[in-house]
8 protein chains.
Amino acid sequence: MNRNRLLELLASVERGNLSADEACEQLAHLPFEDVGHARIDHHRALRSGLPEVIYAAGKTPDQTAEIFARMAAAGSDVLATRVDEPTVAAVLAAVPQATHHPQARAMSLRQTTAEISGHIAVVCAGTSDLTVAEEAAITAELFGTQVTRLYDVGVAGIHRLLAVREQLSQAQAVIVCAGMEGALPSVVGGLVGVPVIAVPTSVGYGASFQGTTALLGMLNSCSPNVTVVNIDNGFGAAYTATLIARAANHSR
Amino acid sequence: MNRNRLLELLASVERGNLSADEACEQLAHLPFEDVGHARIDHHRALRSGLPEVIYAAGKTPDQTAEIFARMAAAGSDVLATRVDEPTVAAVLAAVPQATHHPQARAMSLRQTTAEISGHIAVVCAGTSDLTVAEEAAITAELFGTQVTRLYDVGVAGIHRLLAVREQLSQAQAVIVCAGMEGALPSVVGGLVGVPVIAVPTSVGYGASFQGTTALLGMLNSCSPNVTVVNIDNGFGAAYTATLIARAANHSR
Amino acid sequence: MNRNRLLELLASVERGNLSADEACEQLAHLPFEDVGHARIDHHRALRSGLPEVIYAAGKTPDQTAEIFARMAAAGSDVLATRVDEPTVAAVLAAVPQATHHPQARAMSLRQTTAEISGHIAVVCAGTSDLTVAEEAAITAELFGTQVTRLYDVGVAGIHRLLAVREQLSQAQAVIVCAGMEGALPSVVGGLVGVPVIAVPTSVGYGASFQGTTALLGMLNSCSPNVTVVNIDNGFGAAYTATLIARAANHSR
Amino acid sequence: MNRNRLLELLASVERGNLSADEACEQLAHLPFEDVGHARIDHHRALRSGLPEVIYAAGKTPDQTAEIFARMAAAGSDVLATRVDEPTVAAVLAAVPQATHHPQARAMSLRQTTAEISGHIAVVCAGTSDLTVAEEAAITAELFGTQVTRLYDVGVAGIHRLLAVREQLSQAQAVIVCAGMEGALPSVVGGLVGVPVIAVPTSVGYGASFQGTTALLGMLNSCSPNVTVVNIDNGFGAAYTATLIARAANHSR
Amino acid sequence: MNRNRLLELLASVERGNLSADEACEQLAHLPFEDVGHARIDHHRALRSGLPEVIYAAGKTPDQTAEIFARMAAAGSDVLATRVDEPTVAAVLAAVPQATHHPQARAMSLRQTTAEISGHIAVVCAGTSDLTVAEEAAITAELFGTQVTRLYDVGVAGIHRLLAVREQLSQAQAVIVCAGMEGALPSVVGGLVGVPVIAVPTSVGYGASFQGTTALLGMLNSCSPNVTVVNIDNGFGAAYTATLIARAANHSR
Amino acid sequence: MNRNRLLELLASVERGNLSADEACEQLAHLPFEDVGHARIDHHRALRSGLPEVIYAAGKTPDQTAEIFARMAAAGSDVLATRVDEPTVAAVLAAVPQATHHPQARAMSLRQTTAEISGHIAVVCAGTSDLTVAEEAAITAELFGTQVTRLYDVGVAGIHRLLAVREQLSQAQAVIVCAGMEGALPSVVGGLVGVPVIAVPTSVGYGASFQGTTALLGMLNSCSPNVTVVNIDNGFGAAYTATLIARAANHSR
Amino acid sequence: MNRNRLLELLASVERGNLSADEACEQLAHLPFEDVGHARIDHHRALRSGLPEVIYAAGKTPDQTAEIFARMAAAGSDVLATRVDEPTVAAVLAAVPQATHHPQARAMSLRQTTAEISGHIAVVCAGTSDLTVAEEAAITAELFGTQVTRLYDVGVAGIHRLLAVREQLSQAQAVIVCAGMEGALPSVVGGLVGVPVIAVPTSVGYGASFQGTTALLGMLNSCSPNVTVVNIDNGFGAAYTATLIARAANHSR
Amino acid sequence: MNRNRLLELLASVERGNLSADEACEQLAHLPFEDVGHARIDHHRALRSGLPEVIYAAGKTPDQTAEIFARMAAAGSDVLATRVDEPTVAAVLAAVPQATHHPQARAMSLRQTTAEISGHIAVVCAGTSDLTVAEEAAITAELFGTQVTRLYDVGVAGIHRLLAVREQLSQAQAVIVCAGMEGALPSVVGGLVGVPVIAVPTSVGYGASFQGTTALLGMLNSCSPNVTVVNIDNGFGAAYTATLIARAANHSR
């Protein structure tokens, strides 16, 4: 441990084995950033309890499988997002007990028994947004958050959304995934009193511009409790929603 | 009638009152495109009964005032849109009986007594969209359409919209003006069974990009009865809504 | 039925089996939105008579085939748009009597005998826009609308358009599909007195930006009777055109 | 009251003054949306305790002053954002005890004595972002949130940011305002374990495109705890940060 | 002549061979647009002598082959642009004497013996722009224009361009194809006294945005004799360059 | 003269006054580019006969007036474009005989008596495009080109354009100025057999994006004889149209 | 000094006045970032010798004047860029000996006598780019760099650029400012063997999009020695060019 | 040699074999640009010592292999960038001793023994940017530059960057490759006193727009020593960094 290493050095000075000048020199060359590094990471881990997640899109199947296996061997919970078919095969070959979530394009391995802490809702309009919504839901669940899925509600049939208002109102944070015009977060934002995290999806065609229109719509939401993440970024939404729900949950 | 006019000319030839050469010359100088022009315009006038409207934005106050006065002298109903202060003064100087609609940035003169035919609703979320909504409403009214204004309904407080559902359902066409994320037409489109004409407004800031975000959102509406016009184009929306409402009205 | 359920509850109060207070409490928790849901949908179906349409682009072949078969079994008219080869095979396996419209990328099944009501024209410039034009035409026809196809008219040879002016003038609404510069709706809009619904197509290359240029051109049309739908959205244009033509038709 | 009205109706049934059928009919026509309306609003107020805020940008000085005065008369805390000079004068004429915050372009009136609940940090790089940062800070303070301002930290002099790491780590949510390349939220996001709300500002020139570059950069943040609001939307960031900090605060 | 045809008709009326009514009827059914059509086309053909060209990109191999064969059978010169491998095969099967120009992605058949009229230069910087440059060159040659190819000149090695200045100065119109920054037309425009037609190419990567950067650069050319066509539109450039060179050539 | 200078040097070698080595050295340091400079400019002037034009937009009134006066003193024809009010005053103070063309935002001074050579048409739809159309017309006239102005023709009333077809067909090049959807050049391009130079204008609002939509539409024109210049660049269009018309005119 | 402070602490341990544990605790709370801060800044100042520069655009005249005066009082060389009229007045009032460079929109005060080190060229095409070019030149000169201004060279008259090739070849780095199509850096890049820093300027109109077109063109330069800075960022270009020229100069 | 050719000609004059007039005529037709060409290239080669590099993306495997083999046969160092699998095979077949760098998508052949001159650092955040970073590193190394690779440093874990500050500070120029928000160059720019060349990479998804967001962020860097090249242009960054490092190196 770094603190230990520092203590050792100071103890050497205390014992007279090391002069103040020599210690000063050594400290000057000590990679103190590493101390900072460790402390920061430790801090984050301590506060959020959120494990590292493997973003597989920019990696070869072998790279993802190797990282997954290494983390699995360390006893951590493991999550890999954006896995394609070859990656699924490679990970399963390396870690047969891993679970594949095809709809979410994700793989996970639950090894800890952390109790559920916090409760969020994941909302989307239809089948086309399911991939992103499930990425969010699976991620949050791996992080130990309870997830209520509300997947068949859209602004063109507003009654379906109103029908689940009660369920919405019990969440400590709400993730809303929507493509096309991206109007759903504004309507949901008006129905709840908690933060709404909007995830534009690349669903649509023509003037949807691969999710850009939904993104812009969400940024212009007239509901003040809406914040936005990148297109299709279900993982990021789940990360922040989990942070919010945990904090909120501790107060109950 | 043009056919009559042609028949007369040909009959004159038949009767020997006009030589073939003279008739040919007359026909050659007959502005047949003008005939076409007139016929088209007449056709359009006969079918739509919609008078010409002066778009004042690209004209000097004097130009607008002159056109307005000429049309007024002809006994027509007159409408000028996008009038600024100097134009208002110039028109009032030329046509004192003209009415100024400040909220709509429009001036009108009603001289005919055409009965009301057709019924539309004009919907918007708040005070910022009023200019465009009023341009639409004033235009439609000058065209002889009954207008129900529903101006305090927005997607972030969906109950306000639901509260006017009955009124919405009585319109034969609905105009929805919205800025920011432009989500209102989709929700309205899901509540009614008639065409919804969406008008993006340049209301908003930052990533609203002067109405572009609202425009794109409306084009991606998940309600199939939504069509879209240019940003702030209340006039165009009223024109088409009037055509629809008239046709529908004749069937009752 | 919800109405029945409400009646039962009120009858219990009438019979003295339930106090007013208890009934009030139960009503407060009744999913009244479901009532609203049903009524809205019913309303829309009653007014427009337009069946649901399956948008196959976001679905697997099996999903589309299953929905198609379920709707077919219910005796409805069925339409699926944006079908690819595997989807066609899957649907035909499930519903052999379905019709495939390759040019329109659509499949349909006509089971009702609703008489034709309303008349529209579908206009485009050439072979490249045919896919979108046919999606519009097939959709409108399934909705019971008579369709006049005018497919070889473009602005660079204006005489061809003028030659069909008579046919254009008989439609109660006109759909114009155009790619590249998207100029056709403006010219058509000047020739007719009915609403023109412009459909930009993704036809073109370079600075056509997959239909964006055509879309922008149509939004800036100088003909006030032009409204616009999303790029390649032949279905949406047909939906609104049908609503307009029906209303107009009832008045004859 | 609506509940009372419902109770009356049910009591009439109970008393035999109204048959179940008649009551059912009346309930079917009851404007239940109004009930919903009231309940939703009440819900939101109860849960968030956040008063309405006046967005002055789309309003005339007189309109803003009137709303401000009405809310002041009601005893509420009042906040108006985006006030220009004439609006400041009009509000002060109507409500002399209002406070003007020139840097934040805001006016406020504190009338309640709600205790501080929750603690956030507002971070920005320099003087140019101060307007947006102060809008966020003043808003949060009016909402009863403790605000630590960290205003002289930028990514090009990373040591200044590291020097305030301790203060950052004590906040329950962090708002980061940045223009130009918008890199600050990513760096801050890596230093803290709580949600970071990124506010792009319109500060910059040339390829900053009035804040669009900062907005896009923030949406692509490699720190998973970053969510984003519209350009210059300090108010929205404060709203969500307050919701988070309150929930978190209740747990301590 | 049309005037003659009209005179004949009127003379028949004058002579009593035709009644006024019959003449009216004939005139009413005279397809004057068709006259216009024919006249326009004839005019264009007479003045430009440019045959129709088949744009194969939006057509199936069979469609292209059929049109190609029909035009070939009519004895015309034939050109098809944007042909892919299957189209080449289909055309060669139908018209074995057709010539394939792989670099230009074109096929041609020369059947007339029109003498060369007019002289243009086609300029580009390197191998990547060759496809577009050759489309222009092959098109112009089929139109009977002499083409000087200057293909290895770029702005980053300006001496190579200066070395061909003499050749440039002999052309009656110059086509310049360039991708990336699209600077070549400005430099060429400064060296010659004839119209320069700039063709942006989709060559490049990253911020070339598939030719958009080159297109924008050319539109902002500081040489006043530069006009621009769509990205990769070698055909259009050749069409206009040929019109210019022919007119100029007739004067020598 | 440079040729003389070279001859002198070579003669010195011939006479033995200069060794081959010395001459080689001197030639290596000869500013040959200056030779090129003079020759190029002379070439351009000789071939095009087009005088320099002052673009006043980037200059102070005094700068423009000074250049104008200097060119006037030299006896040249002078043209200044994009002149604002202060510039007009400054130029008139310096050169009282200059002519101001307010509609074209231009000033000119005709001092030569060059006969008219070449004939173009300038076409636009309405009053809003007049500024750009007049800049083109005035420029071409100063260059000695005959200009036919056709200013009241638009695609939404196609008959007005057809009515001037005869006049169009007499031009050797056609300039078409159009804002909004920019459809006019395509239609004109289909009616004539000469090059059409399209000038997008910044006329419009909303999704016209200051002329960008018109620009994009023109670049996608389906008429192959259309080339395009920058938004509002009437001067550039006139420059190229003049080059074309002159060349064509010499052939009559 | 921080090192001293550390030495003292360690000496206390050595002397037994402080235990290792206590020292460890104190070290853990030592603001080591401040150490880093100082060292970094010192490092940069030592290596580059470039003083801080005041960017006045985001500051009030008083703020700029105050900073300017404080730096002047400290004996430093001072430079303020983007000064408007009120700022000039405020600075001159506070520091009368400051120099105003109107063309560069800058103010400077030279107080040191650092000798010239390094030599750069600043190139632009004409009067419109002068503001940016002068900002670069004045900045570099204040930094002690010799500047050769080459201001009348453009790509449409390539001979003028070739005429200054000798001067270009003597610079150790070249700054090229260009608006419109931004082609100049590519041509210059081909003529020299040193780094070229391209500065797009906001000069132009229409499709120049306030310098965006020039920016994109420069990023696509086919000369590999070209790098780019933000639109109008003459200061940044001068900063980097100075760093390059200094390093290069030390080697002569 | 051209100089020889000139000398011969002058010697002929000196010997009386050629008259001054004849020599003048011959010189007038001498392709002097070729002289210029050679001299420029020679100049560049002499000053930079950087060999030509083959950009394989726009070439067929055979073309690349042929050029590579020809340059190899000439004894030069050879580098080909953007090689795909078939190109690798073709080059290895032609030049078996060539080295393939898969990560960099490059092939090289070192045949000279130029000593290392200059030292740069190449920095990137993670595995996804490695392709671009390696293209830069391999290119610089072939140019004889020493490269320090710092590949695991990102702004979301700022301590990792601080840990390599010492290594950064020893480079004479720094290349920073970053995708997503592109924030890394600003932070690095604040840590070093030498030019930083920023390379946006196309790494990311959604609102990264294939590297455009990173590009824009870098152009808006608040560190004045940052300049930018095109997306993924590792080669260009290495070219300029090498020029800088060499010049700097000569001074040590």
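Residues numbered from 1 in each chain as written. Chains lettered and ligands numbered in written order. Predicted model: local features only at pLDDT ≥ 70, side-chain atom pairs only at ≥ 80, totals over all residues. Heavy atoms only, no water.

**Here's the deal with the overall build of chain A**
Phase 1: Within chain A, the secondary structure is distributed over eleven helices and nine strands.
Phase 2: Looking at chain A as a whole, 62% of its 252 residues qualify as buried.
Phase 3: Of the roughly 9,300 Å² of accessible surface on chain A, a fraction of 52% belongs to carbon and sulfur atoms. (Helix = DSSP H or I, 4+ residues; strand = E, 2+ residues; numbered from the N terminus. Buried < 20%, exposed > 50% of the residue type's maximum accessible area, 1.4 Å probe, protein only. Areas by Shrake-Rupley, 256 points an atom, 1.4 Å probe, with all protein chains shown as cover.)

**Observations regarding the pattern of salt bridges**
Phase 1: Considering all chains together, one arrives at 48 salt bridges over all chains under this definition.
Phase 2: A salt bridge links Arg149(D) to Glu141(D); the shortest N-O distance between them is 2.8 Å.
Phase 3: Under the relative-accessibility criterion, Arg149(D) is labelled partly exposed at 32%.
Phase 4: Of the residues examined, Glu141(D) reaches a relative accessible area of 29% and is grouped as partly exposed.
Phase 5: Within this structure, Glu134(A), Glu141(A) and Arg149(A) form a network of salt bridges that share partners. (Salt bridge = Lys/Arg side-chain N within 4 Å of Asp/Glu carboxyl O.)

**Describing helix 4 (residues 61-73) of chain E**
Given 3.6 residues per turn, any residue in an α-helix points the same way as the ones three and four places further on.
All names here are of chain E.
Phase 1: Compared with the 18 Å implied by 1.5 Å per residue over 13 residues, the 18 Å span of helix 4 between its first and last C-alpha is a close match.
Phase 2: Those residues of helix 4 lying buried are Thr-64, Ala-65, Phe-68, Met-71 and Ala-72. Axial view of helix 4: buried residues confined to an arc of 135°, hence all on one face. Along helix 4, the residues that are exposed and aim more than 90 degrees away from the buried face are Asp-62, Glu-66, Arg-70 and Ala-73.
Phase 3: Looking at the packing, one finds that the buried side of helix 4 touches strand 1 (54-55), strand 2 (78-81), helix 5 (85-94) and strand 4 (106-109). (Expected span 1.5 Å × (residues − 1). Arc of directions from axis to C-beta. Contact = heavy atoms within 4.5 Å.)

**Some details on the environment of Thr60(F)**
Phase 1: The topology assignment puts Thr60(F) in the loop between strand 1 (54-55) and helix 4 (61-73).
Phase 2: Between the alpha carbons of Thr60(F) and Phe235(F) there is a distance of 20 Å; along the sequence they are 175 residues apart.

**A look at the relation of the copies chain E and chain F**
Phase 1: Mapping chain E onto chain F is achieved by rotating through 180° and translating by 0.2 Å along the same axis, at an RMSD of 0.8 Å. Taken together, the turn and the small shift mark the pair as related by a two-fold rotation axis.
Phase 2: Here 94% of the interface residues in chain E have copies in chain F that are interface residues too; the copies meet face to matching face. (Least-squares fit on C-alpha atoms with pLDDT ≥ 70 in both.)

**Things to note about the sheet that holds strand 1 of chain E**
Residues and elements named next belong to chain E.
Phase 1: Judged by pairing direction, the sheet is mixed, and its four strands sit side by side in the order 1-2-4-3 without closing on themselves. Two strands lie at the open edges of the sheet, namely strand 1 and strand 3 (99-101), each paired on one side alone.
Phase 2: Where strand 3 and strand 4 come together, three bridges link them in antiparallel fashion. In the strand pairing of strand 4, His-101 is matched with Ala-106.
Phase 3: In this fold helix 6 (residues 130-142) packs onto strand 2, strand 3 and strand 4, with an angle of close to 165° to the strand it touches most, strand 2. (Pairing = 2+ DSSP bridges. Axes fitted to C-alpha atoms, helices over the stretch in contact; angles between N-to-C directions.)

**Things to note about helix 5 (residues 85-94) of chain C**
Residues and elements named next belong to chain C.
Phase 1: Residues of helix 5 that are buried include every one of Thr-87, Val-88, Ala-90 and Val-91, and no others. Along helix 5, the residues classed as buried sweep out an arc of 165° about the axis, all on the same side. Exposed side of helix 5, more than 90 degrees from the buried face: Glu-85 and Ala-93 are the residues found there.
Phase 2: Packed against the buried residues of helix 5 are helix 4 (61-73), strand 3 (99-101) and strand 4 (106-109).

**Describing the packing of aromatic side chains**
Residues and elements named next belong to chain C.
Phase 1: Within this structure, the stated rule accounts for 24 aromatic pairs over all chains.
Phase 2: Seen in terms of ring centroids, Phe-235 and Tyr-239 are 6.1 Å apart; in terms of plane orientation they differ by 70°. Their pairing is edge-to-face. Taken together, the positions of Phe-235 and Tyr-239, both in helix 11 (residues 234-249) and four residues apart, correspond to about one turn of that helix. Residues Phe-235 and Tyr-239 agree in their burial class; the two are buried. (Phe/Tyr/Trp six-rings, centres within 6.5 Å; stacked < 30°, edge-to-face > 60°.)

**Examining the packing of helix 4 of chain E against helix 5 of chain E**
All names here are of chain E.
Phase 1: At a minimum axis distance of 8 Å, the contact between helix 4 and helix 5 shows a crossing angle of 35°. Remark: the crossing between helix 4 and helix 5 carries right-handed chirality. Counted together, Pro-61, Asp-62, Thr-64, Ala-65, Phe-68 and Ala-69 of helix 4 and Pro-86, Thr-87, Ala-90, Val-91 and Ala-94 of helix 5 form the full contact between these two elements.
Phase 2: The class makeup of the residues in the contact of helix 4 with helix 5 is eight nonpolar, two polar and one charged. (Left-handed = near helix turned anticlockwise from the far one by under 90°. Nonpolar A, V, L, I, M, F, W, Y, C, P; charged D, E, K, R; others polar.)

**Focus on the interface of chain E and chain F**
Phase 1: Tallying the contact residues gives 36 residues for chain E and 35 residues for chain F.
Phase 2: Note on chain E versus chain F: buried area summed over both sides is about 3,100 Å², and carbon and sulfur give 60% of it.
Phase 3: In this structure, the connection of chain E to chain F is made through zero salt bridges.
Phase 4: Where chain E touches chain F, the interface holds five residue pairs in polar contact (both at pLDDT 80 or more).
Phase 5: Elements with a contribution of two residues or more to the side of chain E that touches chain F: helix 3 (32-48), helix 9 (184-191), helix 10 (212-219), strand 9 (226-228) and helix 11 (234-249) of chain E.
Phase 6: With eight residues, helix 11 of chain E is the largest single contributor of residues to the side of chain E that touches chain F.
Phase 7: Here the residues of the side of chain E that touches chain F are counted per class, giving 19 nonpolar, 13 polar and four charged. (Buried area = accessible area lost by both parts, 1.4 Å probe. Polar contact = N/O pair within 3.5 Å; in protein donor to acceptor, adjacent residues only side chain to side chain.)

**Thoughts on the sheet that holds strand 3 (residues 99-101) of chain D**
Residue and element names in this part refer to chain D.
Phase 1: Across the sheet, which stays open at both edges, the four strands sit in the order 1-2-4-3 with mixed pairing between neighbours. Single-partner strands in this sheet number two, and they are strand 1 (54-55) and strand 3.
Phase 2: Note that strand 2 (residues 78-81) and strand 4 (residues 106-109) share four bridges and pair antiparallel. When the sheet's bridge partners are listed, Ala-80 is paired in strand 4 with Met-107.
Phase 3: On top of the sheet, helix 4 (residues 61-73) reaches strand 1, strand 2 and strand 4; it is set at about 165° to strand 2, its chief contact.
Phase 4: Lying on the sheet, helix 6 (residues 130-142) is in contact with strand 2, strand 3 and strand 4; it crosses strand 2 at an angle near 165°.

**Comments concerning the confidence of the model for chain A**
All names here are of chain A.
Phase 1: Considering every residue of chain A, the mean pLDDT works out to 83; 85% of them sit at 70 or more.
Phase 2: In this model, residues 28-48 is a region of pLDDT below 50 whose contacts with residues beyond four sequence positions or in other chains number 36 contacts.
Phase 3: Interface confidence for the predicted complex, expressed as ipTM, amounts to 0.80; the pTM equals 0.84. (pLDDT = per-residue confidence, 0-100.)

**Concerning unusual backbone geometry**
Peptide bonds are, in most cases, trans, and in most cases residues other than glycine have a negative phi.
Phase 1: Notably, Met180(A) is not glycine yet its phi reads approximately 50°, a positive angle.
Phase 2: Note on placement: Met180(A) falls in the loop between strand 7 (173-178) and helix 9 (184-191).
Phase 3: Positive phi is not limited to glycine here, since Arg82(E) has a value of about 55°.

**Let's talk about the environment of Ala173(C)**
Phase 1: With respect to the secondary-structure elements, Ala173(C) resides in strand 7 (residues 173-178).
Phase 2: Separated by 68 residues in the primary sequence, Ala173(C) and Ala241(C) have C-alpha atoms spaced 5.7 Å apart.

**Quick look at the side chain of Ser12(D)**
Residues and elements named next belong to chain D.
Phase 1: Relative to the helices and strands, Ser-12 is located in helix 1 (residues 2-14).
Phase 2: Residue classification places Ser-12 among the buried residues on the basis of a relative accessible area of 17%.
Phase 3: With residues up to four places along the chain from it excluded, the contact list for Ser-12 reads Asn-17 and Leu-18.

**Some details on the environment of Leu219(B)**
Phase 1: You can see Leu219(B) is positioned in helix 10 (residues 212-219).
Phase 2: Counting along the chain gives 51 residues from Leu219(B) to Leu168(B), while the straight-line C-alpha distance between them is 21 Å.
Phase 3: Contact partners of Leu219(B), with chain neighbours within four places excluded, come to Ala207(A), Val228(B), Leu215(C), Leu219(C), Val228(C), Val229(C) and Asn230(C).

**Comments concerning the nonpolar core**
Phase 1: Counting residues in hydrophobic clusters, the biggest one holds 248 residues, and the most contacted among them are Leu168(A), Val174(B), Val174(E), Val174(F), Leu168(G), Val174(G) and Leu168(H).
Phase 2: In this structure, Leu168(A) is in contact with Ala121(A), Val123(A), Leu150(A), Leu161(A), Val174(A), Val188(A), Leu191(A) and Val192(A), ignoring residues within four places of it in sequence. (Core = buried A, V, L, I, M, F, W, Y, C linked by side-chain atoms within 4.5 Å.)

**Thoughts on the pairing of strand 4 (residues 106-109) of chain B**
Phase 1: Burial along strand 4 of chain B is two-sided: the residues Ala106(B) and Ser108(B) and Met107(B) and Leu109(B) are all buried.
Phase 2: The hairpin turn running from strand 3 (residues 99-101) of chain B into strand 4 of chain B, its antiparallel successor, is four residues long, and Arg105(B) in that turn takes a positive phi close to 50°.

**A look at the pairing of strand 7 (residues 173-178) of chain E**
Residues and elements named next belong to chain E.
Phase 1: The buried fraction of strand 7 is high, at six of six residues.
Phase 2: Note: strand 5 (residues 119-124) against strand 7, five bridges, orientation parallel. The partner of Ala-121 across the bridge, within strand 7, is Val-174.
Phase 3: As paired elements, strand 7 and strand 8 (residues 196-200) share five bridges and run parallel to each other. The residue of strand 8 that forms the bridge with Val-176 is Ala-198.
Phase 4: Chirality of the crossover, the property in question, places the unit of strand 7, helix 9 and strand 8 among those that are right-handed. (Right-handed = clockwise from strand over helix to strand, strands pointing away.)

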